[in-house]
Structure formats: C-alpha cells, structure tokens
Amino acid sequence: AKGVVDLAMQSTSPYICFEYTGGEPVINLDVIKFMVEYVKEKNRYEKKIVEHSVVTNMTYMTEEIAEYLVENDLWICTSLDGIEEVHNWNRTWKKGSSAYQNVLKWIKYINQLYIDRGLDPELHHVDALMTTTRKNLPYWKETVDLYVGLGIRNIHLRPLNPFGFAAKTARMIGYSMEEYMEFYQKALAYIIELNKQGVQIM
C-alpha cells in the first residue's frame, strides 16, 4: 500500500484518484485507512488534488464503515444491476436474503449521512454501476427509472466483460452484440426523452 501511494504521487498530474475496488475492498478497511492517512501526509508536500473512491457491493457494509467513508470524504459507488428480480438473479446470496434490499438499505443510509452533515445531495450521494446480463435485457425502462428514483445522476449500461465469471457462465447470462445494442438503444432513447422533460440522468 505504501509503495502504491509513493508511486502514484510521483505522477506529473495535479489530480490523482485512488480507487479501492475488488472483490470487496472494505473487507480490508485497515489498508484503506492507512492509504488515506499516508496520502494526506505525502500531499502536505506534493500539493495535489487527491480523491479516494470505494467501489463496494455493500455485502460487508456496517454503520461504522459507512460513517468512516463519509467523514473522510471517500466517494462511494456500489453495484446495482436493476430491479429486485434482476439484481438478485445477477447477484444471488447463498444465505438467501435479498442482495437488492441490502444495497438499497445502504444507499439510503449513506445518502442520509451526507444530508445530516449538511452536504448537497446533488453532489454527495452514492453512485452505482450496473452490469448488463441476459436477465436485464427486457427491463431497460425499469432500470433507468430505478436509478432516477434513487437520485443517481448517471447510469453506465455496461456490457459483460468476456473473462472471469462472465466467460464461464456466458451461455446462461450472455447475449449477442445485436441483443445488447437493442437494449442500449432503447435505454438511451428513453434517457434522452427524460432529459427533454427536465430529468437529470446521463
């Protein structure tokens, strides 16, 4: 972790963002805390604009972790693949509880922490990323509406990456490029229509 910070801070860029992703990065919160503090120490001399971002699926989120992330200005992004049926199909929990309900619970909890601290919810809110599987394809409108309803200002209609778990399960969760483009074009047309109506979603 120290070596990562030392190397990154040598960049000629005046702006650096440290993104903690995984897997589930908050499992290793001690290393995140170390890097945040070490970056502050290094930046007393480097004088860069530095941000930290955590990409979490919320499976290990606690009130204590959420409060640490908010208090230390770490941007928070989670995985939200669509409506409950879709998200739970994409991200089944072995313990049988709802991954979708867990994500929504923590989005709302963390967003309230920002509000309680007097921060502008237009700027400070949990962002989300979605992964498009076969199960998503009929639900382009519902997915966009979900993001808008949660106050999320952008939606990444990400296709599957052709490696790892997605490659191993392609026959079950995959689709043709033509099927994906049909999904994307319908969602994009709807997003443009919402923007014409004054709804902020990119």
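Residues numbered from 1 in each chain as written. Predicted model: local features only at pLDDT ≥ 70, side-chain atom pairs only at ≥ 80, totals over all residues. Heavy atoms only, no water.

*Asks:* How would you explain the overall build of the protein if you had to name every residue and give the values?
*Replies:* The helix and strand tally for the protein stands at nine helices and five strands. Each helix and strand of the protein, placed in order from N terminus to C terminus, yields the pattern α-β-α-β-α-β-α-α-β-α-β-α-α-α. Taken over the C-alpha trace, the protein has a radius of gyration of 18 Å; the compact-globule value for 202 residues is 17 Å, and the two agree within 12%. Taken along its principal axes, the extent of the C-alpha atoms in the protein is 50 × 40 × 40 Å. A burial count over the protein gives 42% of its 202 residues as buried. Considering only intrachain contacts with a sequence separation of at least 6, the fraction spanning at least 24 residues in the protein is 70%. About 11500 Å² of surface is accessible on the protein, with carbon and sulfur atoms providing 55% of the total. For the protein, the separation between the mean place of its 22 positive charges and that of its 26 negative charges on side chains is 5 Å. (Helix = DSSP H or I, 4+ residues; strand = E, 2+ residues; numbered from the N terminus. Rg over C-alpha atoms; globule rule 2.2 N^0.38 Å. Buried < 20%, exposed > 50% of the residue type's maximum accessible area, 1.4 Å probe, protein only. Contact = heavy atoms within 4.5 Å. Areas by Shrake-Rupley, 256 points an atom, 1.4 Å probe, with all protein chains shown as cover. Lys, Arg positive; Asp, Glu negative; His and termini not counted. Charge placed at Lys NZ, Arg CZ, Asp CG, Glu CD.)

*Asks:* Describe in detail the sheet that holds strand β3 (residues 74–79), supporting the description with residues and values.
*Replies:* As summarised here, the arrangement of the five strands in space is β1-β2-β3-β4-β5, forming an open sheet in which the pairing is parallel. Of all the strands in the sheet, the pair left with one neighbour each is β1 (15–20) and β5 (157–158). Bridge analysis of β1 against strand β2 (residues 49–56) gives six bridges, and the strand direction is parallel. Bridging from a neighbouring strand, Y15 pairs with I49 of β2. (Pairing = 2+ DSSP bridges.)

*Asks:* For the environment of I65, give the residues involved together with the corresponding values.
*Replies:* Relative to the helices and strands, I65 is located in helix α3 (residues 63–71). Judged by its relative accessible area of 10%, I65 is buried. I65 sits 39 residues away from V26 along the chain, and the two C-alpha atoms are 7.8 Å apart. The contacts of I65, once residues within four sequence positions are left out, are V26, L29 and Y60.

*Asks:* So, a nonpolar patch on the surface: which residues are in play, and what are the values?
*Replies:* A cluster of nonpolar residues, M177, M181, Y184, L188 and I192, forms a patch on the protein surface that exposes about 430 Å² of accessible area. Classification of I192 by relative accessible area gives partly exposed; the value is 43%. (Patch = residues over 30% accessible without salt bridge, like charges linked within 9 Å, V, L, I, M, F, W, Y side chains within 5 Å. Salt bridge = Lys/Arg side-chain N within 4 Å of Asp/Glu carboxyl O.)

*Asks:* Account for the packing of aromatic side chains, naming residues and giving values.
*Replies:* Scanning all chains against the criterion turns up six aromatic pairs. Consider the rings of W140 and Y190, whose centres lie 6.1 Å apart with planes at 75°: the pair is edge-to-face. Pair noted here: W140 is in helix α6 (residues 140–149) and Y190 is in helix α9 (residues 177–196), with a separation of 50 residues, a long-range link. Assessed through its relative accessible area of 23%, W140 is described here as partly exposed. Here Y190 falls in the buried class, since its relative accessible area comes to 16%. (Phe/Tyr/Trp six-rings, centres within 6.5 Å; stacked < 30°, edge-to-face > 60°.)

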